[in-house]
Amino acid sequence: LMIHSEEFHDYAGLDLHVRATAHDTMEFSYFESAALRLGEHVVEVHQKEVILDGVSYKTADLPLAFGNDEFTYTIREVPIPAHKNPKFHTYYEVDLNFDSRMLFKYFKGMLTVDVTGHQKDLSDAVGLMGQFGTGNMLDRTGKEMSDFISFGYEWQVNPSS
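A brief report on the enclosed structure follows. Remember, predicted model here, so these are calculated numbers, not experimental data.

Basis of the calculations
- Residues numbered from 1 in each chain as written.
- Predicted model: local features only at pLDDT ≥ 70, side-chain atom pairs only at ≥ 80, totals over all residues.
- Heavy atoms only, no water.
- Core = buried A, V, L, I, M, F, W, Y, C linked by side-chain atoms within 4.5 Å.
- Buried < 20%, exposed > 50% of the residue type's maximum accessible area, 1.4 Å probe, protein only.
- Contact = heavy atoms within 4.5 Å.
- Phe/Tyr/Trp six-rings, centres within 6.5 Å; stacked < 30°, edge-to-face > 60°.
- Helix = DSSP H or I, 4+ residues; strand = E, 2+ residues; numbered from the N terminus.

Thoughts on the nonpolar core
Phase 1: Residues Leu-14, Leu-16, Leu-38 and Phe-104 are the most contacted members of the largest nonpolar core, which totals 28 residues.
Phase 2: The contacts of Phe-104, once residues within four sequence positions are left out, are Leu-16, Ala-34, Val-45, Thr-90, Tyr-91, Tyr-92, Val-94, Leu-111, Thr-112 and Val-113.
Phase 3: The next biggest cluster of nonpolar side chains, apart from the first, holds seven residues, and it includes Leu-1, Val-126, Leu-138 and Met-145.

Structure, rendered in structure tokens:
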């Protein structure tokens, strides 16, 4: 669990999960997809599609707006910088309002996620990215941790849970 915020947008809540995969021929793993829960909505981000609340959309279908009267979110494809080969890169942005956004960047199937968060949106956020504002490693109860391996296991989501 990369980010967990219970207070996000009047307690609608936000969770960001990433799915790691082991590379077939090399000894490393990488992020291959992400799932973002915004209140009652779930956005799944894959290199060739975005799935919003169970409905698949290709990049040609974007941008998509969803949410409610108070908070509207937008998913859009972001242009690839000129110096990068679009054959290998795909970028998606989810606009979260109030100067908060998440940028999902794919390179040859490997995902990175850039998060820009506003205090108003993510002040209580915790998870593998650390506590918002400080970066402190907190467990799920709010206790500070110092061991990186234990911290990683603390926020890992197992398939059975």
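Quick notes on the packing of aromatic side chains
Phase 1: Counted by the stated rule, this structure contains five aromatic pairs.
Phase 2: Taken together, a centroid distance of 6.4 Å and an interplanar angle of 55 degrees make the contact between Phe-28 and Tyr-30 tilted.
Phase 3: Geometrically, the ring pair formed by Phe-88 and Phe-107 is edge-to-face, given 6.5 Å between the ring centres and 70 degrees between the ring planes. Remark: Phe-107 occurs in strand 10 (residues 101–107) and Phe-88 occurs in the loop between strand 8 (72–78) and strand 9 (89–95); sequence separation between them is 19 residues.

Topic: the side chain of Thr-90
Phase 1: Within the element layout of this structure, Thr-90 appears in strand 9.
Phase 2: Judged by its relative accessible area of 11%, Thr-90 is buried.
Phase 3: If sequence neighbours within four positions are ignored, Thr-90 has contacts with Gln-47, Ile-80, Phe-104, Lys-105 and Tyr-106.

Here's the deal with the environment of Val-94
Phase 1: When you line up the elements, Val-94 lands in strand 9.
Phase 2: For Val-94, a relative accessible area of 1% puts it in the buried group.
Phase 3: In sequence terms Val-94 and Thr-74 are 20 residues apart; their C-alpha atoms lie 5.6 Å from each other.
Phase 4: Apart from the residues lying within four places of it in its own chain, the contact partners of Val-94 are Leu-36, Leu-38, Thr-74, Ile-75, Ser-100, Arg-101, Met-102 and Phe-104.

Coordinates in, geometry out; function isn't part of it.
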